[in-house]
Number of protein chains: 2
Amino acid sequence: MNLEQIAKLSGVSRSTASRVINNDPNVSDNARENVKRIVRLMNYVPNAAARGLAAGRTQVIGLVIPTGVSALFSDPYCSILIQSVSSACNAHNYSVMLWIAQPEYERRQIHQIVRSGAIDGAIIAPTLANDTLVQALLAGSLPFIVIGHYPANGRVNYVDADDILGAHEAVRHLLRMGRTRIATITGPQNTITGIDRLMGYMHALRECGLPVESDLIAAGGFSEGGGYIAMQQLLPHRPDAVFAANDIMAMGALRAIRDTGLRVPQDIAVVAFDDTPLAARAEPPLTTIHRPTHQVGNLAVETLIEMIEYPKSSPYRIMLPTELIIRSSCGAAFKEKLAC
Amino acid sequence: MNLEQIAKLSGVSRSTASRVINNDPNVSDNARENVKRIVRLMNYVPNAAARGLAAGRTQVIGLVIPTGVSALFSDPYCSILIQSVSSACNAHNYSVMLWIAQPEYERRQIHQIVRSGAIDGAIIAPTLANDTLVQALLAGSLPFIVIGHYPANGRVNYVDADDILGAHEAVRHLLRMGRTRIATITGPQNTITGIDRLMGYMHALRECGLPVESDLIAAGGFSEGGGYIAMQQLLPHRPDAVFAANDIMAMGALRAIRDTGLRVPQDIAVVAFDDTPLAARAEPPLTTIHRPTHQVGNLAVETLIEMIEYPKSSPYRIMLPTELIIRSSCGAAFKEKLAC
DNA sequence: CTGAAAGCGCTTACAG
DNA sequence: CTGAAAGCGCTTACAG
């Protein structure tokens, strides 16, 4: 069943049939009625490939998450992002093509797709600080938006949560709780998120006149195991608090602290980042910085669709605020004296 | 840059250029050389829509996960499935289109897509026992494969883990540990997985001559909160063990047990199902049934691709074995006497 | 408001 | 092994 046949059955030309299917207002009520009836009757659905070829648009957007296998397994952050992008797309009548791409060969495939006209635009999620895919996209003409900001390049559209301010707030909260030897477990420093959260940590300390001690900084690679090991490295330096750059690493830190017999928050206060479902269920429940992932995903697709449909518009730089969620791991219930 | 131009630059016809691009063996080495060189030089990528229209195949498969928002957030199972399907597709030069579809309106959209020729085949993940999408697919001609078996319909191709045997093994393990009042927290009973895991539980008890007491069965809806509440309902009936139909509910059960001051496994042994990353990190680490999700995802795409490329082949019914993973929550370290 | 026609960029019998 | 040609099923100026 194709347009031709629908047109014939409706007693109009293919052009007119096409117009009613695409909601073109320049159609008589009568013709519209007839075509719609036949479409319903025949259960007609236009062929996507033909449409894509003729119109130059496919009504699908690509979502690429350049994250290794491991991260996706354990970090709900990615799941939430995928879910929110998927549902926002569906709500706007777009479909989403997904690539979870770490290895180089998979990425090469994506480079191809991007040039094949298979998608109308792309959303690139948690990228490294200088992602080759972003470079390629920049050189091409496909609309795209990055999740995570690109301070280095003013031409990149992005939507992001404000990691620097978030981390800053996390550490300020610990300072407010009276902690003075505040350690941090960092994410990978080739990652924008990893870098920003460390910067926020340093800013907060400096602002308070406290030194930034390298002994109190350990890399946790955004993984639970990494958080565990990092905490073990930090412990000998007697921190009284730790800011973990994500919830997962905080889980590892909690485990390391527990294993040495210390208590959270009495001996060591912990603040994390992301506010994934893990945080609320940790023992003790984690004080953490809420990252508006759902909103980020929604805005990314809405912005991208606007870029696709109204190509002339100005650059998008959307920075969403984070929020401190106070639970039990920071000792907010125990003391209220200010160190700063 | 299109095929026409590539052909011209290579000094061959469009047909020949197309042949080398599609690896047709019937091309002279000379022509092949020339075209390949030009393709590389011009960085040519064939237009996907045109290809799809002409060839009738798009080289993309659809993955639909009819799961609510909540489940995807908290259950790593879905993430792992998405990841494994995605990587298997990429490895076979297919792309994946993703739908995470709960609400009916989103599903209607999928019905359209399926008929639009946008995908060559579909994988339908954790479905309800009588999914309307599956019914529609059955009526159409698009190759598809279900994750989860369809005992009710012999024409449905599927790949699945053997939930009945898995649950059976879980409960037998508890019996072996000397437990006799074994409760279960079930998944939704409109879910194949939920039903099967309950069946496995009942089989194991009956096989052992033990009664199936309705007081020892509580629904947990596959969620953490549901598991918590279910465990609270079970506790007054003094179970000495509980089989939770997934890891997440086991986490909730653990929390409920802890809240009443009872110990795991001394007072109540716990066995879960799925072996998601959560299980190993629980307190205490959960004994659970490993579900080979990664393998399921891989096999689903490999089978689907075979169905797409060699349409005549026989039905596929692939049932993968599960495996009991013994950790600390079942008391295997405490006693070894057999009750049965 | 409508239709005839060109065109989107490929693949694939077909004939040689 | 190769090319001319038909065709995949739409959209969209264009002219009326």
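All residue numbers refer to position in the chain's written sequence, counted from 1. For naming, the first written chain is A and the first written ligand is 1, with later ones following in the order written. Only residues with pLDDT of at least 70 get local features here, since the model is predicted, and only at 80 or more are side-chain atom pairs given and counted; chain-wide, interface and lining totals rely on the full set of residues. Side-chain calculation: all heavy atoms of the structure are included, whereas hydrogens and water are not.

Caption draft 1: Up close: the protein's contact with DNA strand D. Whether a residue is near a molecule or strand is decided by its heavy atoms; if any one of them lies within 4 Å of it, the residue is near. Surrounding DNA strand D, one finds 27 residues, the nearest of these being Leu3, Ser18 and Tyr44 of chain A together with Ser15 and Arg19 of chain B. Here DNA strand D approaches the protein such that, of its atoms within 4 Å, sugar and phosphate make up 56%. In the environment of DNA strand D, a phosphate oxygen lies 3.0 Å from a nitrogen or oxygen atom belonging to the backbone of Ser13 of chain B. The separation between a base oxygen of DNA strand D and a polar side-chain atom of Arg19 of chain B is 2.4 Å. Of all the secondary structure elements, the ones that give two or more residues to the surface near DNA strand D are helix 2 (14-21) and helix 4 (48-55) of chain A together with helix 2 (14-21) and helix 4 (48-55) of chain B. When residues are grouped by polarity, Ala, Val, Leu, Ile, Met, Phe, Trp, Tyr, Cys and Pro land in nonpolar, Asp, Glu, Lys and Arg in charged, and all others, Gly among them, in polar. Among the residues making up the surface near DNA strand D, the classes are represented as 12 nonpolar, 10 polar and five charged. Definition of a polar contact: a pair of N or O atoms within 3.5 Å, with one able to donate and the other able to accept a hydrogen when the atoms are protein atoms, and with sequence-neighbouring residues admitted only if both atoms are side-chain atoms. Only runs of H or I of at least four residues qualify as helices and only runs of E of at least two qualify as strands under DSSP, and these elements are numbered from the N terminus.

Caption draft 2: Layout of the protein's contact with DNA strand C. Residues in close proximity to DNA strand C total 27 residues, the closest being Ser15 and Arg19 of chain A together with Leu3, Ser18 and Tyr44 of chain B. Within 4 Å of the protein, the atoms of DNA strand C are drawn from sugar and phosphate moieties in a proportion of 57%. The separation between a base nitrogen of DNA strand C and a polar side-chain atom of Arg14 of chain B is 2.7 Å. One of the side-chain nitrogen or oxygen atoms of Arg51 of chain B is found 2.9 Å away from a phosphate oxygen of DNA strand C. Those elements that provide at least two residues to the surface near DNA strand C are helix 2 and helix 4 of chain A together with helix 2 and helix 4 of chain B. Considering only residue class, the surface near DNA strand C consists of 12 nonpolar, 10 polar and five charged.

Caption draft 3: Geometry of helix 10 (residues 192-207) of chain A. Residues and elements named next belong to chain A. Under the convention used throughout, the expected extent of a helix is 1.5 Å for every residue step, that is, one less than its residue count. With 16 residues, helix 10 extends 22 Å from end C-alpha to end C-alpha; this agrees with the ideal 22 Å at 1.5 Å per step. Ile192, Thr193, Gly194, Asp196, Arg197, Leu198, Gly200, Tyr201, Ala204 and Leu205 are the residues of helix 10 that are buried. We call two residues in contact when some of their heavy atoms are within 4.5 Å. As for helix 10, its buried residues are in contact with helix 9 (163-176), strand 6 (182-186), strand 7 (217-219), strand 8 (241-244) and strand 9 (269-274). Positive backbone phi, approximately 80 degrees, marks Gly209, located one or two places after helix 10. Each residue is assigned to one of three classes by its accessible area relative to the maximum for its type, calculated with a 1.4 Å probe on protein chains only: buried under 20%, partly exposed between the two thresholds, exposed over 50%.

Caption draft 4: Fine view of the nonpolar core. Here the nonpolar core consists of buried residues drawn from Ala, Val, Leu, Ile, Met, Phe, Trp, Tyr and Cys, with membership extended through side-chain atoms lying within 4.5 Å. In terms of nonpolar packing, the biggest core is built from 58 residues, with Ile61 and Ile123 of chain A together with Ile61 and Ile123 of chain B touching the most fellow members. When neighbours within four sequence positions are excluded, Ile123 of chain B is seen to be in contact with Ile61, Gly62, Leu63, Val64, Val85, Ile145, Ile147, Ala300, Val301 and Leu304 of chain B. Among the nonpolar cores identified, the runner-up in size contains 52 residues, and Leu254, Ile268, Leu286 and Leu324 of chain B belong to it.

Caption draft 5: Representation of the relation of the copies chain A and chain B. Once chain A is rotated about the relating axis by 180 degrees and shifted along it by 0.0 Å, it coincides with chain B to within an RMSD of 0.1 Å. Accordingly, the operation relating the two chain copies is best matched by a two-fold axis. Only residues with pLDDT of at least 70 in both copies contribute their C-alpha atoms to the least-squares superposition of the copies.

Caption draft 6: Summary view of the interface of chain A and chain B. Taken residue by residue, the interface counts 45 residues in chain A and 45 residues in chain B. Once two parts are put together, the accessible area they lose, assessed with a 1.4 Å probe and summed over both, is termed the buried area. Between chain A and chain B the total buried area reaches about 4,000 Å² when both faces are included, carbon and sulfur atoms providing 59% of it. Salt bridge, as used here, is a side-chain nitrogen of Lys or Arg placed within 4 Å of a carboxyl oxygen of Asp or Glu. Applying the counting rule to chain A against chain B returns two salt bridges. Where Arg258 of chain A meets Glu283 of chain B, a salt bridge forms, and the shortest distance between an N and an O atom there is 3.7 Å. Taken together, the connections running from chain A to chain B amount to 11 residue pairs in polar contact (both at pLDDT 80 or more). For the side of chain A that touches chain B, the elements supplying multiple residues, two or more each, are helix 4, helix 5 (69-74), helix 6 (76-91), strand 2 (95-100), helix 7 (104-116) and helix 13 (277-281) of chain A.

Caption draft 7: Inspection of the environment of Tyr316 of chain B at higher detail. Residues and elements named next belong to chain B. With respect to the secondary-structure elements, Tyr316 resides in the loop between helix 14 (293-309) and strand 11 (317-320). Its relative accessible area of 14% is what places Tyr316 among the buried residues. Spatially, the C-alpha atom of Tyr316 lies 22 Å from that of Cys78, the residues being 238 residues apart in sequence. Residues contacting Tyr316, with those up to four places away along its chain left out, are Val156, Asn157, Tyr158, Thr303, Glu306 and Met307. Here the side chain of Tyr316 touches Glu306 through a polar contact of 2.8 Å, side chain to side chain.

Caption draft 8: Expanded view of the packing of aromatic side chains. Residues and elements named next belong to chain A. Centres within 6.5 Å make a pair out of two Phe, Tyr or Trp rings, where for Trp the six-membered ring is used; the pair is then stacked when the planes are under 30 degrees apart, edge-to-face when over 60, and tilted otherwise. On inspection of all chains with the given rule, the structure shows two aromatic pairs over all chains. Here Phe243 and Phe273 contribute two aromatic rings whose centre-to-centre distance is 6.4 Å and whose plane-to-plane angle is 55 degrees, an arrangement assigned as tilted. With Phe243 in strand 8 and Phe273 in strand 9, this pair connects stretches of sequence that are 30 residues apart. Against the face of Phe273 rests Arg197, its NZ or CZ located 3.7 Å from the ring centre. Definition used: whenever NZ (Lys) or CZ (Arg) falls within 6 Å of the ring centre and also within 35 degrees of the ring normal, the charge is taken to sit over that ring.

Caption draft 9: Quick look at the packing of helix 1 (residues 3-10) of chain A against helix 3 (residues 29-42) of chain A. Residue and element names in this part refer to chain A. Each axis is a line fitted through C-alpha atoms, taken for helices only over the stretch in contact, and angles between the N-to-C directions span 0 to 180 degrees. Between helix 1 and helix 3, whose axes approach to 9 Å, the crossing angle comes to 125 degrees. Taken as axis vectors, helix 1 and helix 3 run oblique relative to one another. Along this stretch, helix 1 crosses helix 3, giving a crossing that reads as right-handed. Facing Ile6, Leu9 and Ser10 of helix 1, the residues of helix 3 in contact are Asn34, Val35, Ile38, Val39 and Met42. The class makeup of the residues in the contact of helix 1 with helix 3 is six nonpolar, two polar and no charged. Angle categories: roughly parallel below 35 degrees, roughly antiparallel above 145, roughly perpendicular from 65 to 115, and oblique for all the rest. Here a crossing is called left-handed whenever its near helix is offset anticlockwise from the far helix by less than a right angle, and right-handed whenever the offset is clockwise.

Caption draft 10: How the structure looks around the sheet that holds strand 8 (residues 241-244) of chain B. All names here are of chain B. What makes two strands pair is DSSP finding at least two bridges between them. Taken together, the six strands give an open sheet; going across it, the order is 7-6-8-9-10-12, and neighbouring strands pair in mixed fashion. Single-partner strands in this sheet number two, and they are strand 7 (217-219) and strand 12 (323-325). Strand-to-strand twist across the sheet, computed as the mean angle between neighbouring axes with direction ignored, equals 20 degrees. As paired strands, strand 8 and strand 9 (residues 269-274) are joined by three bridges and run parallel to one another. What sits directly across from Phe243, in strand 9, is Val271.

Caption draft 11: The arrangement of the sheet that holds strand 3 (residues 121-124) of chain A in detail. Taken in spatial order, the 12 strands line up as 11(A)-5(A)-4(A)-3(A)-1(A)-2(A)-2(B)-1(B)-3(B)-4(B)-5(B)-11(B) in an open sheet, and their pairing is mixed. One side of each edge strand has no neighbouring strand; the edge strands of this open sheet are strand 11 (317-320) of chain A together with strand 11 of chain B. On average, each strand axis in the sheet is inclined to that of its neighbour by 20 degrees, with strand direction left out of account. When strand 1 (residues 60-65) of chain B meets strand 2 (residues 95-100) of chain B, the two strands line up parallel, connected through six bridges. By the bridge assignment for strand 2 of chain B, Leu63 of chain B is matched with Leu98 of chain B.

Caption draft 12: Region of interest: the environment of Glu306 of chain A. Residues and elements named next belong to chain A. Tracing the sequence through the fold places Glu306 in helix 14 (residues 293-309). C-alpha separation for the pair Glu306 and Ala167, spaced 139 residues apart in sequence, amounts to 31 Å. In this view, Glu306 contacts Pro311 and Tyr316; residues no more than four positions away in its chain are not counted.

Caption draft 13: Region of the structure containing the pattern of salt bridges. What the rule picks out here adds up to 24 salt bridges over all chains. For Arg172 of chain A, the salt bridge identified is with Glu207 of chain A, shortest N-O distance 3.0 Å. Remark: Glu207 of chain A occurs in helix 10 and Arg172 of chain A occurs in helix 9; sequence separation between them is 35 residues. For Arg172 of chain A, a relative accessible area of 25% translates into the label partly exposed. Taking the shortest distance from any N to any O, the salt bridge between Arg255 of chain B and Glu224 of chain B comes out at 2.8 Å. Of this pair, Arg255 of chain B sits in helix 12 (residues 247-259) while Glu224 of chain B sits in helix 11 (residues 224-234), and the two are 31 residues apart along the sequence. Using a relative accessible area of 28% as the deciding quantity, one classes Arg255 of chain B as partly exposed.

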